[in-house]
Amino acid sequence: MKKIVGLVVLLALIVAWQYPQDNDQWKNKITPSLLLKLENGATADFLIIMKEQADVSKSRFIHNKEKKGTFVYQKLKQQAEISQRNILTFLATRHAPAKSFFIVNALYSKGDLELVRSIALREDVKTIEANPWMQHEIPSQDHETNNQRLGVEWGIEKIGADQVWNMGYTGQGVIVAGADTGVEWEHEAIIQHYNGWSESGVDHNYSWHDAVHEMSPLNSDTLNPCGFNSLVPCDDHNHGTHTVGTMTGDDGLGNQIGVAPGAKWIACRNMERGWGSPANYIECFEWFLAPTDLNGENADPSRSPHVINNSWSCPPEEGCDPSNFSAMEMTVNNIKAAGVVVVVSAGNEGSSCGSIQNPPAIFEPSFTIGAFRSNDTIANFSSRGLISADESMRMKPNVAAPGVGVRSCIRGGDYASWNGTSMAVPHVAGMVALMISANPALAGEVDIIEDIIEATAIPMVAEQECDGVAGDAVPNPVYGYGRINALAAVEQALLFTAVEAPLEVEPLLVYPNPFTDHLELTLDHLTEPVVLNIFSSAGKLVFSKSFEQQSFLYESISMENLPKGMYFYLLEGENIQQTGKLVKVD
């Protein structure tokens with residue numbers, strides 16, 4: 001009898017250790033919108049965010065895109081494989097569906113309140129987030145399908161991309177990516193720019209992935225023109241084809257719609273006719289981090305794109321709120337750490353202040369784009385900052401690009417002019433391709449690429465003041481740092497040189513930022529001599545000082561005589577190179 005009692009006590013202790021929260025505290029792990037749905041008796045799909053997340057921060061020391069991407073991929077993959085073993089077994093015993101992600105240590109599943117409760121009680125689970133389906137913001141369309149116009153589109157001329165072509169840089173050697181509604185890959189304007197196409201044939205492996213596996217529950221019918229899990233690039237909407245055209249389109253007959261016609265494109269469908277969910281978006285980001293063959297196998301991070309064009313958002317009315325931002329924000333952070341520029345649309349909810357409200361535009365690692373007209377005025381629909389959704393009050397958008405009357409390709413071999421920040425984003429993605437084609441050493445240097453784009457943007461003044469930030473400030477919440485300038489960005493990109501074998505040191509801390517009259521600098525473990533240079537946005541050297549090897553560096557710099565504006569610092573030694581931007585305010 002004592003043995004039986006002892007065994008019961010032991011089993012109770014094991015259960016208590018594995019599921020220590022056997023009260024309502026488990027509800028704190030579940031996002032409110034998901035919990036409400038489950039408590040009303042429904043089943044729902046959801047994302048399980050694991051407690052242990054891989055640390056990929058050391059990728060900043062790697063100045064080689066392929067090595068950087070491989071490092072991040074291996075760290076993320078290893079963390080997911082180790083920490084998900086037990087929960088995958090757990091879900092299998094309950095006959096619950098499970099899809100594992102590694103770009104963020106998370107799983108997709110579906111079930112009722114009892115299943116979610118049992119998951120929330122686990123110590124290895126951090127949160128359980130809703131996986132709402134939401135509708136992509138449909139761009140407004142000009143009332144015509146235009147097959148007649150030939151030549152260079154106005155937006156390309158406005159940003160000076162055609163002048164960059166005259167320098168011999170068209171995006172050659174660069175891979176751009178579209179995360180969207182898919183692509184009609186055989187359209188005359190983009191077929192020869194598809195990474196899977198060659199004169200000898202077509203191979204869709206590593207160039208296409210379909211993350212749409214089922215009908216959106218928000219669609220009222222049962223048919224999708226592309227079907228699901230398509231093994232061939234297909235667009236069930238038009239939007240994805242239009243954005244890819246703005247990045248790379250050129251039919252070779254003078255119809256020049258793309259910013260970087262020398263680049264190659266790959267794509268992932270993450271929306272079902274404009275409806276998508278966080279799980280769809282995460283799956284595409286994960287595939288871009290390490291593209292696979294059509295069977296979803298043989299992942300290869302060396303094939304990842306240099307830049308991803310994103311034009312989706314997740315609004316609160318569709319279930320996204322600060323309680324479930326974490327999975328998507330970690331995803332964007334990790335793909336950026338792998339050396340990929342993530343360009344996103346600010347949204348079309350303008351023109352009031354604080355109208356950039358939704359992921360991924362609100363995130364710090366996202367490069368957020370507003371839209372302007374051909375006369376340089378900001379589009380009325382272009383959303384603007386500051387960001388209040390996560391209480392960060394960070395400045396967005398980063399820059400603005402052409403987004404009104406943008407003509408590009410659509411399905412059926414046609415062309416159409418559309419309006420939206422979705423149309424502005426591919427101008428910037430294409431410009432990134434031009435910069436890297438001009439200087440391949442920039443590949444993987446995401447912060448430097450973004451800094452150059454901001455520094456070379458043409459400052460634009462707005463009459464609107466937002467949260468105390470004047471419209472004539474640079475940056476401001478309407479245009480960001482201004483309208484993009486491809487020619488100036490490429491000229492600046494040509495000046496960049498990379499250090500191939502960086503030494504692992506703690507990053508230079510520069511504070512406060514923004515600053516007024518003084519800057520404070522600290523750096524631990526300085527193991528070799530370095531030079532610190534600070535430049536104005538025009539490239540003028542305003543401060544320079546050399547530092548010898550030392551265990552701890554501290555420096556206070558007077559900046560009283562400098563005008564307000566944007567500056568850049570460069571810390572450089574034989575094996576060290578760190579850079580960043582600074583903003584001086586009144």
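Position numbers for residues count from 1 along each chain, tracking the sequence in the order it is written. Whole-chain, interface and lining totals are the exception, using all residues; otherwise, since this is a predicted model, local features are given only for residues with pLDDT of at least 70 and side-chain atom pairs are given and counted only at 80 or more. The basis for every side-chain value is the complete set of non-hydrogen atoms in the structure, without hydrogens or water.

(A) How the structure looks around the sheet that holds strand E26 (residues 565-572). Here four strands make up an open sheet; going across it, the order is E24-E23-E26-E27 and the pairing antiparallel. For this open sheet the edge positions go to strand E24 (541-547) and strand E27 (577-584), each flanked by a neighbour on one side alone. Strand after strand, the sheet turns through a mean of 15° between neighbouring axes, direction not considered. In this scheme, strands are said to pair when DSSP sees at least two bridges between them. For the purposes of this entry, the term helix denotes a DSSP run of H or I that reaches at least four residues, the term strand denotes a run of E that reaches at least two, and both are numbered from the N terminus. Only the stretch in contact is used when fitting a helix axis, every axis being a line fitted to C-alpha atoms; angles between N-to-C directions are given from 0 to 180 degrees.

(B) Representation of the sheet that holds strand E25 (residues 550-558) in the model. The strand order E21-E22-E25 describes an open sheet built from three strands, whose pairing is antiparallel. Every other strand in the sheet has two partners, leaving strand E21 (509-511) and E25 as the edge strands with one partner each. Ignoring strand direction, the axes of neighbouring strands in this sheet form an average angle of 10°. In terms of strand pairing, strand E22 (residues 518-526) meets E25 through eight bridges, oriented antiparallel. Within E25, the residue paired with aspartate 524 across the bridge is phenylalanine 552.

(C) Highlighting the state of the cysteines. Defined by distance alone, a disulfide is two cysteine sulfur atoms within 2.5 Å. A full pass over the atoms with the stated rule returns three disulfides. The disulfide that involves cysteine 268 links it to cysteine 284, with 2.0 Å between the sulfurs. One quick way to see it: the torsion about the S-S bond of cysteine 268 and cysteine 284 is about -75°, and its sign makes the bridge left-handed. Remark: cysteine 284 occurs in helix H9 (residues 278-289) and cysteine 268 occurs in strand E13 (residues 264-269); sequence separation between them is 16 residues. Of the two residues examined, cysteine 268 and cysteine 284, each falls in the buried class. For cysteine 353, the disulfide goes to cysteine 466, at an S-S distance of 2.0 Å. Any residue under 20% of the maximum accessible area for its type is buried, any over 50% is exposed, and the rest in between are partly exposed; the area is computed with a 1.4 Å probe on protein chains only.

(D) Here's a closer look at helix H10 (residues 326-337). Taking 1.5 Å per residue as the helical rise, H10 with its twelve residues ought to reach 16 Å, and the 16 Å between its terminal C-alpha atoms agrees with that figure. By the burial criterion, the buried members of H10 are Ala327, Met328, Thr331, Val332, Asn334, Ile335, Lys336 and Ala337. Looking one or two residues beyond H10, the residue adopting positive phi is glycine 339, at roughly 95°. A helix is expected to span 1.5 Å for every residue after the first.

(E) View of the packing of aromatic side chains. Stacked, tilted and edge-to-face are the three classes assigned to paired rings of Phe, Tyr and Trp, where Trp is represented by its six-membered ring and a pair needs centres within 6.5 Å; plane angles under 30 degrees give stacked, over 60 edge-to-face, the rest tilted. Inspection of the entire model under this criterion finds five aromatic pairs. Ring geometry for tyrosine 73 and phenylalanine 102: centres 5.5 Å apart, planes at 80°, overall edge-to-face. Of this pair, tyrosine 73 sits in helix H3 (residues 65-83) while phenylalanine 102 sits in the loop between strand E2 (99-101) and strand E3 (106-111), and the two are 29 residues apart along the sequence. There is no split in this pair, since tyrosine 73 and phenylalanine 102 are both buried. In this structure an aromatic cluster arises from ring pairing among Trp185, Tyr194 and Trp265. Placement of a positive charge over a ring is assigned whenever Lys NZ or Arg CZ falls within 6 Å of the ring centre and within 35 degrees of the normal to the ring plane. Seen from the ring of phenylalanine 90, arginine 122 lies directly overhead, with NZ or CZ sitting 4.8 Å from the centre.

(F) Region of interest: the packing of helix H11 (residues 421-438) against helix H13 (residues 486-493). Running from amino to carboxyl end, H11 crosses H13 at an angle of 30°, the nearest separation of the two axes being 9 Å. By the angle class used here, H11 and H13 are roughly parallel. Here H11 and H13 pass one another in a crossing that is right-handed. Contacts between H11 and H13 involve Met431, Leu434, Met435 and Ala438 from the first element and Ala486, Ala489, Val490 and Ala493 from the second. Within the contact of H11 with H13, the residues separate by chemical class into eight nonpolar, no polar and no charged. With respect to orientation, any angle under 35 degrees is reported as roughly parallel, any angle over 145 as roughly antiparallel, any angle of 65 to 115 as roughly perpendicular, and every other angle as oblique. Whether a crossing is left-handed or right-handed is set by the direction in which the near helix is turned from the far one by less than a right angle, anticlockwise for left-handed and clockwise for right-handed. Two residues form a contact once any of their heavy atoms are found within 4.5 Å. Side-chain classes are defined by residue name, with Ala, Val, Leu, Ile, Met, Phe, Trp, Tyr, Cys and Pro counting as nonpolar, Asp, Glu, Lys and Arg as charged, and the others, Gly among them, as polar.

(G) Highlighting the pairing of strand E17 (residues 367-372). In terms of burial, E17 is largely enclosed, as six of its six residues are buried. Side chains Phe367, Ile369 and Ala371 project from E17 onto one buried face, and the interleaved Thr368, Gly370 and Phe372 project onto a second face that is buried too. Summarising the sheet, E17 and strand E18 (residues 399-402) pair through four bridges and their orientation is parallel. Bridge pairing in E18 links phenylalanine 372 to proline 402.

(H) Focus on the environment of isoleucine 119. Within the secondary structure, isoleucine 119 sits in helix H5 (residues 113-120). With relative accessibility at 0%, the residue isoleucine 119 sits in the buried group. Here the alpha-carbon distance between isoleucine 119 and isoleucine 87, two residues 32 residues apart in the chain, equals 8.4 Å. Filtering out sequence-adjacent residues up to four positions away, isoleucine 119 remains in contact with Phe46, Ile48, Ile87, Phe90, Leu91, Val125 and Ile128.

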